[in-house]
Amino acid sequence: MKIQIINGPNLNLLGIREPGIYGTSSFEDYLQELAEIYSGIEIRYYQSNVEGELINKIHETGFTCDGIILNAGAYTHTSIAIHDAIKSVKSPVIEIHISNVHTRESFRRQSMIAGACKGVIAGFGMNSYRLAIEAIKMNTI
Ligand code: DQA
């Protein structure tokens with residue numbers, strides 16, 4: 001099984017950025033934990049702050065992996081182009097958020113990409129990524 005994790009803008013600063021909301025662990029450290037827990041799964045990771053690069057990665061991996069776990073960061077709330085990219089590929093895409101976007105500013109309640117995704121997971125801290133892996137594993141998507 002191959003799973004692609006894609007993180008969008010500002011998520012390279014996890015561990016440093018607003019730790020009260022996003023926690024104190026870097027994604028690289030968390031990825032190490034995931035690799036240990038899911039040693040039988042090939043988990044690949046990509047991060048970019050650039051919208052077009054996220055789209056390129058969805059195109060590149062979206063025909064071959066068993067699922068894409070996408071935290072599009074703020075592009076979640078703005079990007080029709082990422083919505084269209086998700087619709088263009090075969091692999092199921094799960095939208096995830098570390099924070100519960102529905103308890104925050106009103107502009108975070110709208111997702112431009114949720115309608116193109118298989119499902120949405122938000123609000124479980126870094127474990128949102130783990131829950132998405134479980135969803136792909138359960139083959140319910
Ligand atoms: C986020 C929530 C977004 O609203 C925000 O722009 C992010 C992170 C999250 O994981 O909680 O960058 O996607």
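You'll find the structure just up there.
Anyway, here's the lowdown on the structure attached to this text. (Residues numbered from 1 in each chain as written. Predicted model: local features only at pLDDT ≥ 70, side-chain atom pairs only at ≥ 80, totals over all residues. Heavy atoms only, no water.)

1. Considerations on the packing of aromatic side chains
(1) Moving on: Using the criterion set out here, one finds four aromatic pairs in the structure.
(2) Moving on: Ring geometry for Y30 and Y129: centres 6.0 Å apart, planes at 55°, overall tilted. Note that Y30 is positioned in helix α2 (residues 27–37) and Y129 in helix α5 (residues 127–137), a separation of 99 residues in sequence. Considered together, Y30 and Y129 belong to a single accessibility category, that of buried residues.
(3) Moving on: Within the aromatic cluster, the residues linked to one another by ring pairs are F27, Y30, Y45 and Y129.
(4) Moving on: Sitting over the face of the ring of Y46, K57 holds its NZ or CZ atom 4.8 Å from the ring centroid. (Phe/Tyr/Trp six-rings, centres within 6.5 Å; stacked < 30°, edge-to-face > 60°. Helix = DSSP H or I, 4+ residues; strand = E, 2+ residues; numbered from the N terminus. Buried < 20%, exposed > 50% of the residue type's maximum accessible area, 1.4 Å probe, protein only. Lys NZ or Arg CZ within 6 Å of the ring centre and 35° of its normal.)

2. Description of the pattern of salt bridges
When the charged atoms of two side chains lie near each other, side chains of opposite charge can form a pair.
(1) Moving on: Counted under the stated rule, the structure contains five salt bridges.
(2) Moving on: When the shortest N-O distance is used, the salt bridge between E42 and R44 registers 2.4 Å.
(3) Moving on: Judged by its relative accessible area of 34%, E42 is partly exposed.
(4) Moving on: The residue R104 makes a salt bridge to E105 at a minimum N-O spacing of 3.9 Å.
(5) Moving on: Judged by its relative accessible area of 16%, R104 is buried.
(6) Moving on: The class for E105 is partly exposed, based on a relative accessible area of 35%.
(7) Moving on: What emerges from the salt-bridge pattern is a single network uniting R104, E105 and R108. (Salt bridge = Lys/Arg side-chain N within 4 Å of Asp/Glu carboxyl O.)

Everything listed is a geometric property; what it means functionally is a separate question.
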